[in-house]
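# A structural walkthrough
Letter by letter, the chains look like this.
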Amino acid sequence: MTTTFPDVTISTDRLVLRPFEEEDVTALTEMMNDEQVTAWTTVPHPYTRADAVTWATRTSHAERTEGRGIVFAVTEFLTHRLVGIVHLQGTNWRTRTTEVGYVTAPWARGEGYASESVGAVARWLFREQRFERLELRTAADNTASQQVAQKIGCISEGVLRSACIVRTQNPDGSWTDTRSDLIVWGLVPEDLDDEADGYSDGYADGYGNGYSSGYDGYEISPSDANGYAVSSDWN
């Protein structure tokens, strides 16, 4: 039984999803210090350059090689600028299920990048990897991430009460941990609307072989950008 994802790059009309590189460190550091990322994730704050180096050069790659999931650096096709992260985590190889987390850089929000990238990963996951379920978990007040889940076709399946920690900013600029409910969303292969996506995506493995697929999107969601366990609150 396969217990690791292949080393692949996924392309859409506007984006390239690829493994992280050391050259991403500066942009990653800036992105992860955004207030919205601090609020909805458990990554360190402040997020240092050393944190980014560890993630870009070691931790993100270990997710794939150790069989836990796979991490994609999402970049613009034309500019190569870092748009965000898509992270498959908590993968169960027996049941062919996994959970997705995603972050979008502040400058890139509102452009549909999150649902475009997560939708492309979902299609690759179901079509090429023969997975049967993709799960998202969004903090109750994280409406932007909930919009992404809805846009890619996820179904809201229930609420886990008081299941995660989010951070709220105080008037003095400090942050306080508070408890939050989590909304659980599920996506299975039959939920994908292939006729409506309007994008033509491509997949390439580490040997340059290609395949194809698509989607459209916006914002921040669940996962952890430094190997820190989170319920699904990068939304």
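Up top you'll find the structure we're talking about.
Residues numbered from 1 in each chain as written. Predicted model: local features only at pLDDT ≥ 70, side-chain atom pairs only at ≥ 80, totals over all residues. Heavy atoms only, no water.

### Comments concerning the overall build of the protein chain
Rule in force here: For the purposes of this entry, the term helix denotes a DSSP run of H or I that reaches at least four residues, the term strand denotes a run of E that reaches at least two, and both are numbered from the N terminus. Three exposure classes are used, based on accessible area relative to the maximum for each residue type with a 1.4 Å probe and protein chains only: buried under 20%, partly exposed in between, and exposed over 50%. Contacts are assigned to residue pairs that have any heavy atoms within 4.5 Å of one another. Here the open area of atoms and residues is found with the Shrake-Rupley method and a 1.4 Å probe, where only the protein chains shown may cover a residue.
Across its full length, the protein chain holds 5 helices and 9 strands. Secondary structure of the protein chain in N-to-C order comes out as β-β-α-α-α-β-β-β-α-β-α-β-β-β. Counting every position in the protein chain, which comprises 235 residues, the buried fraction comes to 54%. When contacts within the protein chain are restricted to residue pairs at least 6 apart in sequence, long-range pairs at least 24 apart make up 69% of them. Total accessible area on the protein chain is roughly 10200 Å²; 47% of this is exposed by carbon and sulfur atoms.

### Some remarks on helix 1 (residues 25–32)
Convention followed: Working note: the arc is built from the helix axis to C-beta atom directions.
Those residues of helix 1 that fall on the buried side of the exposure criterion are Val-25, Leu-28, Thr-29, Met-31 and Met-32. Summarising the axial view, the buried residues of helix 1 lie within an arc of 165°, below the 170-degree limit, and thus occupy one face. Exposed side chains of helix 1 directed beyond 90 degrees from the buried face belong to Thr-26 and Glu-30.

### A short note on the pattern of salt bridges
Stated formally: Think of a salt bridge as a Lys or Arg side-chain nitrogen and an Asp or Glu carboxyl oxygen that are within 4 Å of each other.
As enumerated under the stated definition, the model contains 8 salt bridges in all. In this structure, Arg-68 and Glu-63 form a salt bridge, with 2.6 Å as the shortest nitrogen-oxygen distance. By relative accessible area, Arg-68 is classed as partly exposed at 33%. Its salt-bridge partner being Arg-68, residue Glu-66 comes within 2.4 Å of it at the nearest N-O pair. Classification of Glu-66 as exposed rests on a relative accessible area of 52%. Each of Arg-133, Glu-135, Arg-137 and Glu-157 takes part in a single network of salt bridges with overlapping partners.

### Observations regarding the nonpolar core
Just so we agree on the cut-off: Joining through side-chain atoms within 4.5 Å is the link that ties buried Ala, Val, Leu, Ile, Met, Phe, Trp, Tyr and Cys residues into a set, and such a set is a nonpolar core.
Phe-72, Val-86, Leu-88 and Trp-124 are the most contacted members of the largest nonpolar core, which totals 35 residues. In terms of residues, this core owes the most to one element, helix 4 (residues 113–127), which gives 9 residues. Apart from residues no more than four positions distant in its own chain, Phe-72 is found in contact with Val-8, Ile-10, Leu-17, Arg-18, Phe-20, Gly-84, Ile-85, Val-86, Val-121 and Trp-124.

### Remarks on the packing of aromatic side chains
In plain terms, the rule: When the centres of two rings from Phe, Tyr and Trp lie within 6.5 Å, Trp using its six-membered ring, the rings pair. Their planes under 30 degrees apart give stacked, over 60 give edge-to-face, and anything left gives tilted. Each ring is checked for a lysine NZ or an arginine CZ that lies within 6 Å of its centre and within 35 degrees of its normal; such an atom marks a charge sitting over the ring.
Inspection of the entire model under this criterion finds 6 aromatic pairs. The interplanar angle of 80° and the centroid separation of 5.5 Å between the aromatic rings of Trp-93 and Phe-131 together place this pair among those described as edge-to-face. Of this pair, Trp-93 sits in the loop between strand 4 (82–92) and strand 5 (97–104) while Phe-131 sits in the loop between helix 4 and strand 6 (133–139), and the two are 38 residues apart along the sequence. Members of the aromatic cluster, joined through ring pairs, are Phe-5, Phe-72, Trp-93, Trp-124 and Phe-131. Sitting over the ring of Trp-107, Arg-81 keeps its end group 3.8 Å from the ring centre.

### Notes on the side chain of Glu-63
Tracing the backbone shows Glu-63 in helix 3 (residues 49–65). When its relative accessible area of 8% is taken as the criterion, Glu-63 is described as buried.

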